[in-house]
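Structure at a glance
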Amino acid sequence: MSDAPQIILASASPRRRELLAAMGVDFIVMPANVNEDPLPNETPLETQCRITREKARAAIKILRSETRDQAVIACDTTVLLDGEMLNKPADINEARCMLRRLRGRAHDVQSVIIIRCGDEETIDIVASQVVMRDYSDEEIEAYIATGDPFDKAGSYAVQHPQFSPVKEIHGCPLNVIGLALCHVRARLPHLPASAPACIAYFGKPCPAQIDDPLHCVNGQTQR
């Protein structure tokens with residue numbers, strides 16, 4: 001559509017780039033270098049909202065000289081175990097510790113998605129419950145040896161074909177990878193449907209079906 005806004009992804013995440021591409025979206029990557037460390041007395045959600053808003057606003061500052069309409073997408077995803085944020089591991093020992101703590105247990109993958117179009121900013125909070133399988137210590141060590149855990153919140157990728165750490169997902173599965181396409185499409189209905197991307201990764205469409213045009217997004221809109 002000629003009048004559709006240009007899509008800007010304010011993220012350096014290769015998973016988010018891969019997901020948008022799988023959805024069939026043309027976009028420009030404009031990552032922002034922001035401090036993702038929690039501030040004193042912040043809750044995990046407050047930290048995520050601050051980080052995501054800073055990512056979006058950093059991209060917007062770069063775009064101020066552009067005349068074409070843009071839709072800026074920013075996202076932050078974390079793993080929450082017993083209310084504690086498990087972010088990217090600093091080293092092998094931290095990755096090992098995280099994977100052992102998560103083993104055989106349920107945890108939440110929580111994302112904050114901000115989409116900015118002109119002066120309107122929408123905020124959506126997406127939570128998926130993930131149940132991990134009872135993998136062995138030997139499997140943990142083999143997975144760590146691949147190097148895959150070190151740029152992943154919680155030290156794992158749900159889509160890793162050999163380790164395959166997840167037993168069940170309740171809620172949006174693409175959120176666990178890093179971007180709930182159903183929420184993005186619900187906010188930007190001119191985009192292609194997200195179901196094919198979800199089917200490509202998980203063999204079935206998102207159970208939430210939130211990108212159905214009749215679905216009402218549960219989020220916030222600010223101007």
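This is a predicted model, so every value here is computed, not measured.

1. A closer look at the pattern of salt bridges
All told, the structure shown has 16 salt bridges when counted by the stated rule. Residue Arg 53 pairs with Glu 121 through a salt bridge whose shortest N-O separation is 3.3 Å. Remark: Glu 121 occurs in strand β6 (residues 120-132) and Arg 53 occurs in helix α2 (residues 44-63); sequence separation between them is 68 residues. You'll find Arg 53 and Glu 121 in the same group, each marked buried. Among the ionic pairs, Arg 105 bridges to Asp 82, the shortest N-O distance being 2.9 Å. Here the residue Arg 105 occupies a position in the loop between α3 (92-102) and β5 (106-117), and Asp 82 occupies one in the loop between β3 (70-81) and β4 (84-86), the gap between them amounting to 23 residues. According to the relative accessible area criterion, Arg 105 is partly exposed, its value standing at 33%. Each of Arg 15, Asp 148, Asp 151 and Lys 152 takes part in salt bridges that share partners, so that together they form one network.

2. With respect to the packing of aromatic side chains
Taken as a whole and assessed by the stated rule, the structure comprises 2 aromatic pairs. Seen from their ring centres, Tyr 135 and Phe 163 are 4.9 Å apart, and the 50 degrees between their planes marks the pair as tilted. Residue Tyr 135 is found in the loop between β6 and α4 (137-146), and its partner Phe 163 is found in the loop between α4 and β7 (166-170); the two are separated by 28 residues along the sequence. For the pair Tyr 135 and Phe 163, a shared accessibility class is recorded, and that class is buried. For the pair Tyr 143 and Phe 163, a centre-to-centre distance of 4.3 Å together with 15 degrees between the ring planes defines the contact as stacked. With Tyr 143 in helix α4 and Phe 163 in the loop between α4 and β7, this pair connects stretches of sequence that are 20 residues apart. A relative accessible area of 2% places Tyr 143 in the buried class. Here Phe 163 falls in the buried class, since its relative accessible area comes to 4%.

Reading the values: rules and limits
- Residues numbered from 1 in each chain as written.
- Predicted model: local features only at pLDDT ≥ 70, side-chain atom pairs only at ≥ 80, totals over all residues.
- Heavy atoms only, no water.
- Salt bridge = Lys/Arg side-chain N within 4 Å of Asp/Glu carboxyl O.
- Helix = DSSP H or I, 4+ residues; strand = E, 2+ residues; numbered from the N terminus.
- Buried < 20%, exposed > 50% of the residue type's maximum accessible area, 1.4 Å probe, protein only.
- Phe/Tyr/Trp six-rings, centres within 6.5 Å; stacked < 30°, edge-to-face > 60°.

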